[in-house]
Amino acid sequence: MESPPWSHATPIFISEMEYIVFRPYWNPPPRILRAEIIPRERREPGYLAGEDMEIVEIGSQGGAALQPTPANLDAVLAGRLLLRQRPGAKNSLGPAKFIFPNDEDVYMHGTPARQLFSRARRDFSHGCIRVEDPVSLAEWLLRDDRNWTRERILAAMGGAMPTQVNLKHKLTVMIFYDTVYVDAAGVVSFADDYYGHDAKLVEALAHGFPYPRTR
């Protein structure tokens, strides 16, 4: 069995979905910049260009991209410049991202790697949640807004620039971890404990009452 993706685990929390961004930029979080993207560009010059990534001034919307010089890469890591992936076929977020603000910088999004949905094990993201059918999800979320038809959603997903749409009604999002579940037919199914949460629970229960609490 594959090793647990400890550094990529999706956190457990409750938040509220507030808006959708069609045709989004992807702004990699600092941990991915430090551990993966910047080291890769240093080893393989041209990697950023091949992945449609660019370095820009913070707050820039249409400014010219800066060259990935060693000094500019250092500035990205220091937070003085922004590295982002342009909207398009290679964008890691696909045609849309669904935002429920949280301290973990986790959200739902589309993906260009659609072949991954055919895999039995799907913990490939860095904590975020890939959506197999972002068009239908967006259509459902905007069902109370007659202006946002399926045709308009598709047009926004293929547009030239990002488009943010605020939801008329916030939607509660619960991220939880479940290794045992019962389907509508009463069949019990078990899943592997990839993140080790069940093991921690068993250890806590073994100590007996009163159980430890997080304050």
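Residues numbered from 1 in each chain as written. Predicted model: local features only at pLDDT ≥ 70, side-chain atom pairs only at ≥ 80, totals over all residues. Heavy atoms only, no water.

Explain the packing of aromatic side chains to me, please; I cannot follow it from the model alone.
Given two aromatic rings, their pairing is described by the distance between the two centres and the angle made by the two planes. In the structure shown here, the tally under the stated rule is 3 aromatic pairs. Between Phe22 and Trp148, the aromatic rings sit 5.4 Å apart at their centres with planes inclined by 40 degrees, giving tilted as the arrangement. One end of the pair, Phe22, is in strand β1 (residues 13-22); the other, Trp148, is in the loop between α4 (134-141) and α5 (150-157), with 126 residues separating them in the sequence. According to the relative accessible area criterion, Phe22 is buried, its value standing at 0%. The ring of Tyr107 is capped by Lys97, whose NZ or CZ atom sits 5.8 Å from the centre of that ring. The aromatic ring of Trp140 is capped on one face by Arg143, whose charged end is 4.1 Å from the ring centroid. (Phe/Tyr/Trp six-rings, centres within 6.5 Å; stacked < 30°, edge-to-face > 60°. Helix = DSSP H or I, 4+ residues; strand = E, 2+ residues; numbered from the N terminus. Buried < 20%, exposed > 50% of the residue type's maximum accessible area, 1.4 Å probe, protein only. Lys NZ or Arg CZ within 6 Å of the ring centre and 35° of its normal.)

Which parts of the structure should I look at to understand the sheet that holds strand β6 (residues 129-130)?
Sheet strands line up and pair through hydrogen bonds in the backbone, either parallel or antiparallel. The mixed open sheet is built from 5 strands, whose spatial order is β6-β5-β4-β1-β7. A strand with exactly one partner marks an edge of an open sheet, and here the two such strands are β6 and β7 (163-175). In terms of strand pairing, strand β4 (residues 96-99) meets strand β5 (residues 108-109) through 2 bridges, oriented antiparallel. The residue bridging Lys97 from the neighbouring strand is His109, located in β5. (Pairing = 2+ DSSP bridges.)

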